[in-house]
Amino acid sequence: MTMKVGSRLGKELNYCMKRLHLAVPIILITSFFYCCSPKSLPYENGPVMSQKNITKTFQPILQFMDYQPGMSFADVGAGSGALTVMMICLMDNSTVYIQDIDTTILTGGNLNKIIAFYSKQSGQDLKTKNKIHTTIGDVKRTNLPESSFDLIYSNGTVHNFTSIDSMMTDLGRKLKPGGQLFLRDSFKNDHNEKTFCSDPKCAKPLLTIDEFLDVMTSTGFKLTKQTPDMSGYPVFGFAPVK
């Protein structure tokens, strides 16, 4: 389907499509049109969800990661931080880092709008309830603080990592003893087939699950848990090998 839109709306629409590809395709699709309506955008770059859908979408993910109040948490490759803030609505007394490499998408002004919007919608002061930080990294490192996190989560980023070995090694150094890394992405089924990310702006080649697990093993991780389907895509949990 081809759509002709104005430059600002087109940018927002393309961003929504990119994040929706690996976010929560069934639930978020109803919010997508609201998110991309120029008359109702409460913030730039990211979908908009009701509190009911936030709970329905992200509570299972947090439960799968064994999140507990008071944990330190990082979302790597978080884009604008909209999806992270939705998860923060379900967190309590946590330190949360929102990380990305794109300073045109992850901006303080827009993030403040996102936090204000969901604070009002959820009826809670998210900045008081949790400590929220932003970090800008690069293709080889996150620039997150060392040995600081109980949980690190990353959604739809594995196939985007251009220096995947360096990035995974870096992520391992950011976890506390006993901390875990959770990765959600799409994968191809056959080693010989050429399969790419469905977002035309990305179009990066996908790994097979076996190739992905080999990378994780070679960079010092062991698989701790997995689910074949979390809102349409598998999620894998890893712990560093001591």
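Definitions and cut-offs
- Residues numbered from 1 in each chain as written.
- Predicted model: local features only at pLDDT ≥ 70, side-chain atom pairs only at ≥ 80, totals over all residues.
- Heavy atoms only, no water.
- Helix = DSSP H or I, 4+ residues; strand = E, 2+ residues; numbered from the N terminus.
- Areas by Shrake-Rupley, 256 points an atom, 1.4 Å probe, with all protein chains shown as cover.
- Buried < 20%, exposed > 50% of the residue type's maximum accessible area, 1.4 Å probe, protein only.
- Arc of directions from axis to C-beta.
- Contact = heavy atoms within 4.5 Å.
- Core = buried A, V, L, I, M, F, W, Y, C linked by side-chain atoms within 4.5 Å.
- Pairing = 2+ DSSP bridges.
- Axes fitted to C-alpha atoms, helices over the stretch in contact; angles between N-to-C directions.
- Phe/Tyr/Trp six-rings, centres within 6.5 Å; stacked < 30°, edge-to-face > 60°.

Student: So, the overall build of the protein: which residues are in play, and what are the values?
Tutor: Per the secondary structure count, the protein includes 8 helices and 7 strands. For the protein, the exposed surface amounts to about 11,600 Å²; the carbon and sulfur share of it is 54%.

Student: Quick rundown of helix H7 (residues 164-174)? Include the residues and the values.
Tutor: Note on helix geometry: an α-helix contains 3.6 residues per turn, so any two residues three or four positions apart are oriented the same way. Listed in full, the buried residues belonging to H7 are Ile164, Met167, Met168, Asp170, Leu171 and Lys174. Along H7, the residues classed as buried sweep out an arc of 160 degrees about the axis, all on the same side. In this structure, the buried side of H7 is in contact with strand E1 (72-76), strand E4 (149-155), strand E5 (175-184), helix H8 (209-218) and strand E6 (221-230).

Student: How would you explain the nonpolar core if you had to name every residue and give the values?
Tutor: One finds Phe58, Met65, Phe73, Val85, Met86, Met91 and Tyr118 to be the most contacted residues of the largest nonpolar core, which totals 35 residues. Mapped by element, the contributors of at least two residues to this core are helix H3 (51-64), helix H4 (82-88), strand E2 (95-100), helix H5 (108-122) and E4. Broken down by element, the residue count for this core peaks at 6 residues, all from H4. If near-sequence neighbours (up to four positions away) are discounted, Met86 is found in contact with Tyr43, Pro47, Val48, Met49, Ile54, Phe58 and Tyr118. Judged by nonpolar contacts, the second largest core, of 22 residues, contains Phe149, Ile164, Phe187 and Phe236.

Student: Lay out the sheet that holds E1 in plain terms, naming residues and giving numbers.
Tutor: As summarised here, the arrangement of the 7 strands in space is E3-E2-E1-E4-E5-E7-E6, forming an open sheet in which the pairing is mixed. At either end of the open sheet lies a strand with only one pairing partner, and these are strand E3 (131-136) and E6. Taken pair by pair, the neighbouring strands of this sheet meet at an average axis angle of 20 degrees, ignoring direction. As judged from the 6 bridges shared by E2 and E3, these two strands associate in the parallel manner. Bridging across to E3, Tyr97 finds its partner in His133. Against the sheet, H3 engages E4, E5, E6 and strand E7 (233-240), with an angle of about 155 degrees to E6. Those strands touched by H8 are E5, E6 and E7, and its axis lies near 15 degrees from that of E7.

Student: Describe in detail H8, supporting the description with residues and values.
Tutor: Within H8 the residues assigned to the buried category are Phe212, Val215 and Met216. Taken around the axis of H8, the buried residues stretch over an arc of 95 degrees, which confines them to a single face. In this structure, H8 carries Asp210, Asp214, Thr217 and Ser218 as exposed residues pointing more than 90 degrees from its buried face. Elements that come into contact with the buried residues of H8 comprise H7, E5, E6 and E7. With its phi angle positive at about 95 degrees, Gly220 sits one or two positions after the end of H8.

Student: Tell me about the packing of aromatic side chains, and name the residues and values.
Tutor: For the structure shown, the criterion picks out 11 aromatic pairs. When the ring of Tyr97 is compared with that of Phe149, the centres are 5.3 Å apart and the planes differ by 90 degrees; the resulting orientation is edge-to-face. Taken together, the positions of Tyr97 in strand E2 and Phe149 in strand E4 put the pair 52 residues apart, joining distant regions of the chain. An identical accessibility class is assigned to Tyr97 and Phe149; each is buried. Taking 5.6 Å as the distance between ring centres and 85 degrees as the angle between the ring planes, the aromatic pair formed by Phe212 and Phe238 counts as edge-to-face. Placement of the pair is Phe212 in helix H8 and Phe238 in strand E7, with a sequence separation of 26 residues.

In short, shape yes, function no, at least from these values alone.
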